[in-house]
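Listed below, chain by chain, are the residues.
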Amino acid sequence: MSLDLHALCIHSATGTALFAPLTLHIPAGAVVTVMGPSGVGKSTLLDAIGGHLAHGFRLSGQVLLSGHDVSRLPAEARRIGLVFQEALLFPHLSVGDNLAFGLPAALRGRKLRRAAVEAALDQAGLAGMHDRDPATLSGGQRARAALMRTLLAEPAALLLDEPFANLDAGLKAEIRRFTLDHVKARAIPALMVTHDPDDAAAAGGAVVALG
Amino acid sequence: MSRDGRLLRACVLAVVGLGLIAPIALGLWQTGRAAFGILPALGRTEWTLQPWHDLAALPGFATSLRLTLVTGIGSTLLSLLLATGFCATVHAQMTPAASARMLTPFLAIPHAAMAVGLAFVLAPSGWIARVVAPLAGWDRPPDWATVNDGWGLALLAGLMVKEVPFLLLVMLSALSQIAVAQQMAAGRALGYGRGIVWIKIIMPQVWPLIRLPVWVVLAYALSVVDMAMILGPSNPPTLAVAVTRWFTDADPAMLLPASAGAILQAVVVALAVALLWSGEGLARRLGRWWLRRGGRGLSAEPGLWAASAGVAVLLAAGALAMLSLLVWSLAWRWSFPQLLPQSWSLEPWATAQMGWLRALGNTMLLAAATGTLSLTLAIAWLEGEDRGHRSRTRWAEALIYLPLLLPQIGFLYGLNVVFLRAGISGGIGAVIWAQALFVFPYVMIALSDPWRALDRRMLHAAAALGAGPWRRLWAVKLPILLRPILTAAAIGVAVSVAQYLPTLFTGAGRIATLTTEAVTLSSGSDRRITGVYATLQAALPFAAYLAAFAVPALLHRNRRSLTGAAAA
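Definitions and cut-offs
- Residues numbered from 1 in each chain as written.
- Chains lettered and ligands numbered in written order.
- Predicted model: local features only at pLDDT ≥ 70, side-chain atom pairs only at ≥ 80, totals over all residues.
- Heavy atoms only, no water.
- Helix = DSSP H or I, 4+ residues; strand = E, 2+ residues; numbered from the N terminus.
- Buried < 20%, exposed > 50% of the residue type's maximum accessible area, 1.4 Å probe, protein only.
- Lys, Arg positive; Asp, Glu negative; His and termini not counted.
- Salt bridge = Lys/Arg side-chain N within 4 Å of Asp/Glu carboxyl O.
- Contact = heavy atoms within 4.5 Å.
- Axes fitted to C-alpha atoms, helices over the stretch in contact; angles between N-to-C directions.
- Parallel < 35°, antiparallel > 145°, perpendicular 65-115°, else oblique.
- Left-handed = near helix turned anticlockwise from the far one by under 90°.
- Nonpolar A, V, L, I, M, F, W, Y, C, P; charged D, E, K, R; others polar.
- Buried area = accessible area lost by both parts, 1.4 Å probe.
- Polar contact = N/O pair within 3.5 Å; in protein donor to acceptor, adjacent residues only side chain to side chain.
- UniProt positions renumbered as here; feature names shortened; annotations may be inferred.

Going by what an unreviewed UniProt entry lists, chain B is known as Binding-protein-dependent transport systems inner membrane component and is assigned to Rhodobacter ferrooxidans.

Per an unreviewed UniProt entry, chain A goes by ABC transporter related protein and derives from Rhodobacter ferrooxidans.

This is the structure we're talking about:
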């Protein structure tokens, strides 16, 4: 698995390019960091890679997953996972059902699916919280549950949009380690947008300055 | 983006174009032709201005026009003034949830039911007179025209009882988008009084957000028929009521001047909106001059308190009116000047049972059908925008408001001509269609903001987890938006139940609803029976609002972020 951007460029509705064409190679298990001032289009870059661009933006260049161009596919067919600074757990579902939402439909059988969810909860230190309301979790628990939800979908690549920005200092180091360890253990190529040089240092991969 | 989204948008556009815009345009066209003498059914095929001359020569025409202008423009401006003052006084002390709870009954009750109740309260034998009677020494109702007065004051008050809560609702929702507390603190620190900060700083920001709803109120007040029939002067009545009478006159030749009157009604609304628009421009210039002078001396405090007191009186009258519907429907012996009936009975409910059961059945069928159709179309429209990753264009927004700004009387006659030719007039389908023209805009307006407020990244997260557009709709959006969806549906039910003219015209008088029956009964017959119909008419929207509150509370009882914070 690898994520490649080939001469990727985003044009706004008025036709101006947000940044110079971007070419990047992210091998499996590597975390590349994108840094740059606010408003330069870092989140828009992630939207483009994930397939979430708003109407009016135009994309040129290619997004390649293990060599296949996915830039014409809808978001749900790309298998590119998202991690945000807010956990964005679905508020109407229990914690367990949030995780089950991400589980591939190919995994059949109620018991098998439930077991997969319980195992993931266990890994995230959330054992026994299957039926909890996500709104009652602590910030750290929410962040771990959201990451597990993303990973259960078996993404071929990950996009992290300032994933640790909302956490206080102690929690930040813990969640950062938890996230990066999982990404590396599963050998998923990941692209991270952040303002924090510590994040980039912890990721250990290349750093790209945008803008 | 996806083909799917394009197909959905094309379907929505086709339904809106053929189902909503075409009937209004055709209705206006048919009415307009008749206003200039073309009515093939009567053998009239030549353009002429004669209908306008006939209209001007009809007895009471000038008085009707004057009454319309005074009650329509007067009630709107006064309501706006009172609502503004009330907001300025209580905004800091009321949570949005509390004010929504307080206003809901006033918003839910149909105009006709409120009018019937107010007539019960204001009449010479009504509750107010009964309270005053011992002091004034009356042993029989005074011989005063407190309802249906020639000046239209009862109608003006009735309109305000319905308009003030609506304006309060839109103002409070607009205020939630503005940092009122901070700006108030900044303004007062610069030496301006509370009321002056409100007028100079807050209102100019609120106005653009409430301009359209104020236009809707103005258009409605100028062209209301049911409330004007119940509370307004009867001879001559307001223009809209007069035009309705001419349309339903036994002499078919009256259709021509009636059509001219209907077009005039539309012109009156257009001119009034234009007047308000230019008034806004003038106020902007004067306001800027006043603002730049920097005067701090004026105190608006007494005005604010007067406005708040006015609102309190209106709301109290409205609450009494609602209560009086129920009391009259259960009253048996109730002689003047007793405050409460001497004996109670379910007799009025029993005697009218056949009638109200049929009307209730029709009303519920119409509300369910129009509500479901409108909600489906609204969700399809919003989902189409989502799938195209688009925001709404201005012309589409204007399209939604169009049926609310046009007077109903302006195109309903023409619409029924079209329905007659299509052979559907007088059927339940025609009434559903005609009502949906007015139900859909309200449902769409109610649902749009909460729909767009849903965090887009929540949907991106679902897509990134492999959920396609349909799964995102069914498994994420609809459940999270359950409360606003049901609230929009309840508003749809309330609007449908309240419809009078569309039911009357396109139902060809054959479809009896609670509203048509209540309006018919209100002119003179038994108050107890009228109370039965008006109580049911008010109860139906209440029940819908209650369900919109209770169902999500029950389904989401273990989901904190969907019960507490989403309540506003």
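Okay, back to it.
## What about unusual backbone geometry?
Between Asn235 of chain B and the following residue, Pro236 of chain B, the backbone shows a cis peptide bond with an omega angle of 0°. By the element assignment, Pro236 of chain B lies in the loop between helix H10 (226–231) and helix H11 (239–247). Pro337 of chain B follows Phe336 of chain B through a cis peptide bond whose omega is 0°. Turning to its location among the elements, Pro337 of chain B is positioned in the loop between strand E1 (331–333) and strand E2 (343–344). The backbone of Ala7 of chain A sits at a positive phi, close to 50°, despite the residue not being glycine. In this structure, Ala7 of chain A sits in strand E1 (residues 2–11). At Glu162 of chain A, a residue that is not glycine, the phi angle is positive and equals roughly 40°. Residue class for Glu162 of chain A comes out buried when judged on its relative accessible area of 18%.

## Quick notes on the side chain of Lys162 of chain B
Residue and element names in this part refer to chain B. Here Lys162 shows up in helix H7 (residues 153–175). For the buried Lys162, which has no salt bridge, the nearest side chain bearing the opposite charge is Asp226, at an N-O separation of 9.6 Å. In this view, Lys162 contacts Phe106, Leu107, Ile109, His111, Met114 and Met227; residues no more than four positions away in its chain are not counted.

## What about the pattern of salt bridges?
Overall, the coordinates contain 17 salt bridges over all chains when judged by the stated rule. For Arg176 of chain A, the salt bridge is made with Asp199 of chain A, and the minimal N-O distance between the two is 2.3 Å. Here Asp199 of chain A lies in helix H6 (residues 197–203) and Arg176 of chain A lies in helix H5 (residues 169–185), a separation of 23 residues in the sequence. By relative accessible area, which is 12% here, Arg176 of chain A ends up buried. By relative accessible area, Asp199 of chain A is classed as buried at 2%. Across the salt bridge formed by Lys477 of chain B and Glu383 of chain B, the nearest N and O atoms sit 2.5 Å from each other. Of this pair, Lys477 of chain B sits in helix H20 (residues 469–480) while Glu383 of chain B sits in helix H15 (residues 353–387), and the two are 94 residues apart along the sequence. Comparing Lys477 of chain B with Glu383 of chain B, the two get one shared label, buried. Linked through salt bridges whose partners overlap, the residues forming this network are Glu383, Asp386, Arg387, Arg456 and Lys477 of chain B.

## Description of the environment of Glu174 of chain A
Following the sequence through the fold, Glu174 of chain A ends up in helix H5. As for Glu174 of chain A and Gly140 of chain A, which are separated by 34 residues in sequence, their C-alpha atoms are 8.6 Å apart.

## A few points about the packing of helix H23 (residues 514–522) of chain B against helix H24 (residues 527–555) of chain B
Residue and element names in this part refer to chain B. At a closest axis distance of 9 Å, the pairing of H23 and H24 adopts a crossing angle of 150°. As judged from the angle between their axes, H23 and H24 are roughly antiparallel. Judged by the twist between their axes, the crossing of H23 over H24 is left-handed. Each of Leu514, Thr515, Glu517, Ala518, Leu521 and Ser522 in H23 lies in contact with H24, whose residues at this interface are Ile529, Thr530, Tyr533, Leu536, Gln537 and Leu540. Of the residues contributing to the contact of H23 with H24, the split by class is seven nonpolar, four polar and one charged.

## Describing the interface of chain A and chain B
Interfaces are often described in size by the accessible area the parts lose on coming together. Listed per partner, the contact involves 28 residues of chain A and 28 residues of chain B. Around 2,500 Å² of area is buried between chain A and chain B when both sides are counted, 62% of it from carbon and sulfur atoms. Summed over the three residues of chain A that lose the most area to chain B, namely Glu76, His92 and Phe101 of chain A, the buried surface amounts to 29% of that side. Inspection of the chain A/chain B interface yields two salt bridges. Notably, a salt bridge pairs Glu76 of chain A with Arg472 of chain B, separated by 3.1 Å at the nearest N-O pair. The tally of links from chain A across to chain B stands at nine residue pairs in polar contact (both at pLDDT 80 or more). A per-element tally of the side of chain A that touches chain B places strand E6 (residues 80–84) of chain A first, with four residues. Looking at the side of chain A that touches chain B, its residues break down into 14 nonpolar, eight polar and six charged.

## Comments concerning the UniProt feature "domain: ABC transporter" (unreviewed entry) in chain A
Taken from the UniProt record, the annotation "domain: ABC transporter" (unreviewed entry) applies to residues 3–210 of chain A. For residues 3–210 of chain A, helix accounts for 33% and strand for 23%, while the C-alpha atoms at its two ends are 18 Å apart.

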